[in-house]
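Each chain is listed here by its residues.
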Amino acid sequence: MEFLDLITNALVSGVALGSIYALLALGLSITFGVLHIPNVAHPALMIAGAYAVVFANARGLDPIVAALLLTVPFYALGIVFYEFYARAFEKRGRGNTLQSLTLFFGVSLVIEIALVVAFGTDLRSVEVPYVGRSLEFGIVLLPYRFLVPALLAPVVILALWLYMTRTYSGLALRAVAHDDRALSISGVNPVSIKRHAFGIATALAVLAGAALVITGPVDPFAGRVQIGRVFAIVVLAGLGSIPGTLVAAILIGIAEALVTAFLSPSWAPGVAFAILLGTLAIRPSGLFGAR
Amino acid sequence: MSEPIVVIRGVEKWFGGLRALGPVDVDLKPGERLGLIGPNGSGKTTLINCLSGLFVPDKGTIVYDGRDITREPAFRRARMGIARSFQIPRPFTGMTVLENLLVPMDYLGSHERSELERADEVLASVGLAARRDAPAESLSQLELRKLELARALVTEPKVLVADEAMAGLSENEIDDVLALLMRLNDTGVAIIMIEHIMHAVMRFSQRMICLETGRIIAMGTPQDVAQDRQVQKVYFGERAGA
Amino acid sequence: MRTLPFLVIAALILVGGLFLPQFVGNPYYFFAGYVVLQYVVIATGWNILGGYAGYINFGTSAFFGAGVYVAAFLIKAFGAPLPVQILAAGVVGMLLGVATGYLTLRIQGVYFSIATVALVVVLETLIHNIDYLGGASGMQTIAPPAPAWFGGQTQYVFCAMLVLAVVAVVAARFIERSWIGRSLRAIKASEPAAEACGVPTLSMKLVACAISGAIIAIAGAPYAYYASHVDPLSAFSLTIGLNALAMPLIGGTRSWIGPVIGALLLASVQQIATVTISSEFNILAVGIVLIAFVVLAPEGILGLIADLKEKLRRRGARP
């Protein structure tokens, strides 16, 4: 292939990939970025979401429709999960980050193994008419299995951004990140706001799972590769910045696509980690962080 | 008339787009008792964080004992003789009271038997001798305050910053801590006291500084500062209104 | 425990273990014992950073895998003997610890933990791309024969791991009781307060990273010898990352004996369990026990024992 072809296609697929990554990181951007809860179980929840979508798809449902329906039970799951977390740590006044990290790590393992026990370790995928076909536009060739989730991402991000900036509960959510006490004085219960936020983040995990499984087949451990990537995006974006998440994710997507095109696909998983380390070393506040 | 031991010149600290402190100039003489007052968020803790090295100021210089320490890390300043206590006590949990004191002493060089004697001496002077082998997490609020001070004292500092060392204590306990700080000052240690408890800080200080929105609005004897019109407006006015 | 009895017991275990091959014939016991001891080393190494300084390393398998592959490389390239492999693995583990720490420790502990998760993926990616080390499918590691005195390969690596375990535990106990341990615990309790007491927190954390990284990597070194085949999946195994965390937390992180108890307990149970139930249920069980301990008994078995003693003392005090 010509150099120009190669680089154009790498850029296009990088943007598409980045858009999908943004969707994967979005839930974490709320839990870690806004609530400061280091939810390392988010990628595992995402894979659980992907399996739920596969299950629904096998019964004839379109994966995106299935994911939208599944946001309701996942929201509920998030609420229950947060309640458990809060009882274990925050209410006891032991808001120890390292212990909660360990808890989420344990939860993540339990989810993975539960999936192995229930579905085995084989790769699972969804069946949709557009998988296998590609959009051809001049020299650009983009498979629909990337294009569809890549278009879903900006819609979800926009919806979330509008919610966070235009609605009362979205604003309360952002306020809670700054100061619990201020809110409880103004009559809003910070615990219920946080619970709600955690529910939204978990609901986003199922949308992310759908995007992931449309892109390619998943196995129970597929979340592990994503941990470095999603944290890299959230940190690079500047904690809690929703538009920043999209920009950071696209940057990482492009970087990976270029490495894949010019080096080897087997090096791509290392890219996000290098970017994460670089960000932590040079600008820990991220691209859009205040400080 | 001795040279000042701490010279702070034009120090500023910014958080994001907000200037939390400065520019401020402060001198501290050896053995002086300086009170630092001001409403919440006026920059008192930011100022002493710049002095103790927890923050690096964005502008200005800090000279200690004739040496520019503006960019020195906190641990080195501590070893040079700038000690501090924290507003919210930060005991080293998982250790006994004695071990808490051994942490700073590990970095003073001598690992002699006299080290333990020194620690015991300090514990006795703050009244914690009986709690020597108790776990730090079992201490009461007053004892935690005393532990904070004891930990600062074992290093034999030249400057001690006491950040609200009396918050949450009863009247008797306040007298207790004040007497302790006075005794310490008698041995030649300069003390900067940040305090909300007005009568305590006025009784203690030889000189007082009042900060408001990051700037010094009054400096002088406790009486002068307390009667300063601006101070009364921002400080007492705020209190009366609250 | 006093220092003299401790050292006597350590020496007795060491000598007794070294002569074990002369009396026990069945190699299975050495096979299983090797794994249990390997976890004693890993848990002890993990605890120096995680338990004392409070920095949680999720990427233990990255350090372990680095040790495995350093040894595998040395076998393939030079046919190096086991002690050389172990020393080299220690040096590489130390450098890896310092490098990871230097990049991430200046910020919050959470970032360090996250970086260690990603570190596993990166090292695995690296090995996948090195054909000399067998890439994704792994490679045979035919080690030089063991000294005849030990009576077999398995017995030899068992004895090597026993030496490593004793050395690691003695080192951990020494660190815990020295000024280094005090500084690390001060860092765990409050970094600003530690700094204000003259503790160079960044340097001390790097020291802890280096020691911890070296010990964990050393635990991986004899694996190439033990299994005579290495591959990325088993070298960077999820089980190792999980156990490294679970064993100290279950045993208790405050003292050197916590990780030892946790490792002996958990690894023995796992050795028995792998014979009877599947490895998935094994991990699942460990995960659930880990969650239970984090939530209900954050000080581990040591904490439970201390609580029990306290209760008994109170009951005794009340006439």
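These numbers come from a predicted model, not from an experiment. (Residues numbered from 1 in each chain as written. Chains lettered and ligands numbered in written order. Predicted model: local features only at pLDDT ≥ 70, side-chain atom pairs only at ≥ 80, totals over all residues. Heavy atoms only, no water.)

**Things to note about helix α5 (residues 141–153) of chain B**
Item 1. Given a rise of 1.5 Å per residue, 13 residues ought to cover 18 Å, and the 19 Å separating the end C-alpha atoms of α5(B) matches this to within 8%.
Item 2. For α5(B), a buried count of 12 out of 13 residues is recorded, marking the element as mostly surrounded by other parts of the structure.
Item 3. Buried within α5(B) we find B:Leu142, B:Glu143, B:Leu144, B:Arg145, B:Lys146, B:Leu147, B:Glu148, B:Leu149, B:Ala150, B:Arg151, B:Ala152 and B:Leu153.
Item 4. Here the buried face of α5(B) lies against β6 (82–85), α3 (97–105), α4 (114–126), β7 (159–163) and α6 (171–186) of chain B together with α8 (191–196) of chain C. (Helix = DSSP H or I, 4+ residues; strand = E, 2+ residues; numbered from the N terminus. Expected span 1.5 Å × (residues − 1). Buried < 20%, exposed > 50% of the residue type's maximum accessible area, 1.4 Å probe, protein only. Contact = heavy atoms within 4.5 Å.)

**Examining the interface of chain A and chain C**
Item 1. With 42 residues of chain A at the contact, the number on the chain C side is 39 residues.
Item 2. For the pair chain A and chain C, the two sides together bury roughly 3,500 Å², of which 83% comes from carbon and sulfur.
Item 3. By the criterion of area lost to chain C, the three top residues of chain A are A:Thr102, A:Phe105 and A:Phe273, representing 16% of everything that side buries.
Item 4. Across the contact surface, chain A and chain C share 0 salt bridges.
Item 5. Mapped onto the side of chain A that touches chain C, the elements with two or more residues apiece are α3 (63–88), α4 (97–119), α9 (222–237) and α11 (268–282) of chain A.
Item 6. With 16 residues, the single largest contributor to the side of chain A that touches chain C is α4(A). (Buried area = accessible area lost by both parts, 1.4 Å probe. Salt bridge = Lys/Arg side-chain N within 4 Å of Asp/Glu carboxyl O.)

**Digging into the confidence of the model for chain C**
Item 1. Confidence along chain C averages 87 in pLDDT terms, with 96% of residues attaining 70 or more.
Item 2. Summarising per-element confidence for chain C, the mean pLDDT is lowest in helix α14 (residues 279–296) of chain C (81) and highest in helix α9 (residues 201–220) of chain C (96). (pLDDT = per-residue confidence, 0-100.)

**Points about empty space enclosed by the protein**
Item 1. By the definition in use, this model includes 5 cavities of 30 Å³ or more.
Item 2. Quantified by volume, the largest cavity comes out at close to 80 Å³.
Item 3. For the largest cavity, the full set of lining residues is B:Ala78, B:Ala83, B:Arg84, B:Ser85, B:Phe86, B:Glu148, B:Arg151, B:Ala152, B:Thr155, C:Ala196 and C:Cys197.
Item 4. For the lining of the largest cavity, the elements supplying multiple residues, two or more each, are β6 and α5 of chain B. (1 Å grid on protein atoms, 1.4 Å probe; cavity = no way out; pocket = protein on both sides within 12 Å on 5 of 7 lines; lining within 4 Å. Points joined across faces, edges and corners; volume = space filled by probe spheres on them.)

**Brief notes about the pairing of strand β9 (residues 207–212) of chain B**
Residue and element names in this part refer to chain B.
Item 1. For β9, the tally of buried residues reaches 5 of 6 residues, placing the bulk of the element in the interior.
Item 2. Pairing between strand β3 (residues 33–37) and β9: 4 bridges, direction parallel. Across the sheet, Leu36 pairs through a bridge with Ile209, a residue of β9.
Item 3. Judged from the 5 bridges that link them, β9 and strand β10 (residues 215–220) form a sheet pairing that is antiparallel. Bridge pairing in β10 links Leu211 to Ile216.
Item 4. Linking two consecutive strands that pair antiparallel, namely β9 and β10, is a turn of 2 residues; a positive phi of about 40° is found at Thr213 within it. (Pairing = 2+ DSSP bridges.)

**Some words on the packing of helix α3 (residues 60–78) of chain C against helix α12 (residues 238–251) of chain C**
All names here are of chain C.
Item 1. Where α3 meets α12, the axes come as close as 7 Å, and the angle between the chain directions of the two elements is 120°. The orientation of α3 relative to α12 falls into the category oblique. Regarding α3 and α12, the two cross each other, and that crossing is right-handed. Side by side, α3 and α12 meet where Thr60, Ser61 and Phe64 of the first sit next to Ile240, Gly241 and Ala244 of the second.
Item 2. Along the lines of polarity and charge, the residues of the contact of α3 with α12 split into 3 nonpolar, 3 polar and no charged. (Axes fitted to C-alpha atoms, helices over the stretch in contact; angles between N-to-C directions. Parallel < 35°, antiparallel > 145°, perpendicular 65-115°, else oblique. Left-handed = near helix turned anticlockwise from the far one by under 90°. Nonpolar A, V, L, I, M, F, W, Y, C, P; charged D, E, K, R; others polar.)

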